[in-house]
Amino acid sequence: MKKTYQGSCHCGAVRFEADLDLAKGTFKCNCSICFKTRAWLAPVAASDFRLLSGEESLADYQFNRRVLHHRFCRTCGVRPFSQGDGQLAVRVNCLDGVDSQELIDAPVKYFNMRHDDVKSPPAETRHL
Ligand SMILES: [Zn+2]
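Residues numbered from 1 in each chain as written. Predicted model: local features only at pLDDT ≥ 70, side-chain atom pairs only at ≥ 80, totals over all residues. Heavy atoms only, no water.

Turning next to the overall build of the chain. If you tally the helices and strands in the chain, you get 2 helices and 10 strands. The linear arrangement of helices and strands in the chain, starting from the amino end, is β-β-β-α-β-β-β-β-β-β-α-β. Radius of gyration (C-alpha) of the chain: 14 Å, near the 14 Å computed for a compact globule of 128 residues. If one aligns the C-alpha atoms of the chain with their principal axes, the spans along those axes are about 40 × 35 × 25 Å. Looking at the chain residue by residue over its 128 residues, the buried ones come to 43%. Once local pairs closer than 6 in sequence are excluded, the contacts in the chain between residues at least 24 apart make up 55%. Of the roughly 7500 Å² that the chain leaves accessible, carbon and sulfur atoms contribute 51%. Measuring between centres, the 18 positive side-chain charges of the chain sit 6 Å from its 15 negative side-chain charges. (Helix = DSSP H or I, 4+ residues; strand = E, 2+ residues; numbered from the N terminus. Rg over C-alpha atoms; globule rule 2.2 N^0.38 Å. Buried < 20%, exposed > 50% of the residue type's maximum accessible area, 1.4 Å probe, protein only. Contact = heavy atoms within 4.5 Å. Areas by Shrake-Rupley, 256 points an atom, 1.4 Å probe, with all protein chains shown as cover. Lys, Arg positive; Asp, Glu negative; His and termini not counted. Charge placed at Lys NZ, Arg CZ, Asp CG, Glu CD.)

As structure tokens, then:
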């Protein structure tokens, strides 16, 4: 069942709200940006996401095909969410006040985007 979560960057300039169901799944990916920033994401429908504050604090990083906008706080550097092409994903680790058990129980799906393979997970995931 969807719940409304509050989320933020580290300094608190960027705050958001998202309606999502962690039990429906989260994901990690082995692509270059996810690997370097240790991304742990949960998909959110654009209509279920509300930026409450900090639009002016959010910088944007794009690379490669420039489809996704990897937003990050100019002050603290934390990346609360990425968006693009009708997709949006929040960083699970940016959700505030989530019970640890809820995070432990959240299923994690792995994507092998380092090899442009959306169909099968990477052979090894322990380091992600
Ligand atoms: Zn910040």
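After that view of the structure, there is still more to cover.
Turning to the pairing of strand E8 (residues 81-84), a few remarks are in order. Where strand E7 (residues 69-73) lies against E8, 3 bridges are found, and the strand directions are antiparallel. Paired with His-70 across the bridge in E8 is Ser-82. Summarising the sheet, E8 and strand E9 (residues 87-91) pair through 4 bridges and their orientation is antiparallel. Bridged to Ser-82 within E9 is Ala-89. Connecting E8 to the antiparallel partner E9 that follows it, the hairpin turn spans 2 residues, and Asp-85 within it adopts a positive phi of roughly 55°. (Pairing = 2+ DSSP bridges.)

With that settled, the discussion passes to the packing of aromatic side chains. This model, assessed by the stated rule, comprises 5 aromatic pairs. Judged by centre distance (6.3 Å) and plane angle (70°), the rings of Phe-16 and Phe-81 are edge-to-face. You can see Phe-16 sitting in strand E2 (residues 15-20) and its partner Phe-81 sitting in strand E8, a full 65 residues away along the chain. Each of the two residues, Phe-16 as well as Phe-81, counts as buried. Aromatic pair Phe-27 and Phe-111: ring centres 5.3 Å apart, planes at 75°, arrangement edge-to-face. With Phe-27 in strand E3 (residues 26-29) and Phe-111 in strand E10 (residues 108-111), this residue pair connects regions lying 84 residues apart in the sequence. Exposure class is identical for Phe-27 and Phe-111. Each is buried. The side chain of Arg-38 reaches across the aromatic face of Phe-35, ending 5.2 Å from its centre. Here the basic side chain of Arg-114 rests over the ring of Phe-35, its NZ or CZ set 5.4 Å away from the ring centre. (Phe/Tyr/Trp six-rings, centres within 6.5 Å; stacked < 30°, edge-to-face > 60°. Lys NZ or Arg CZ within 6 Å of the ring centre and 35° of its normal.)

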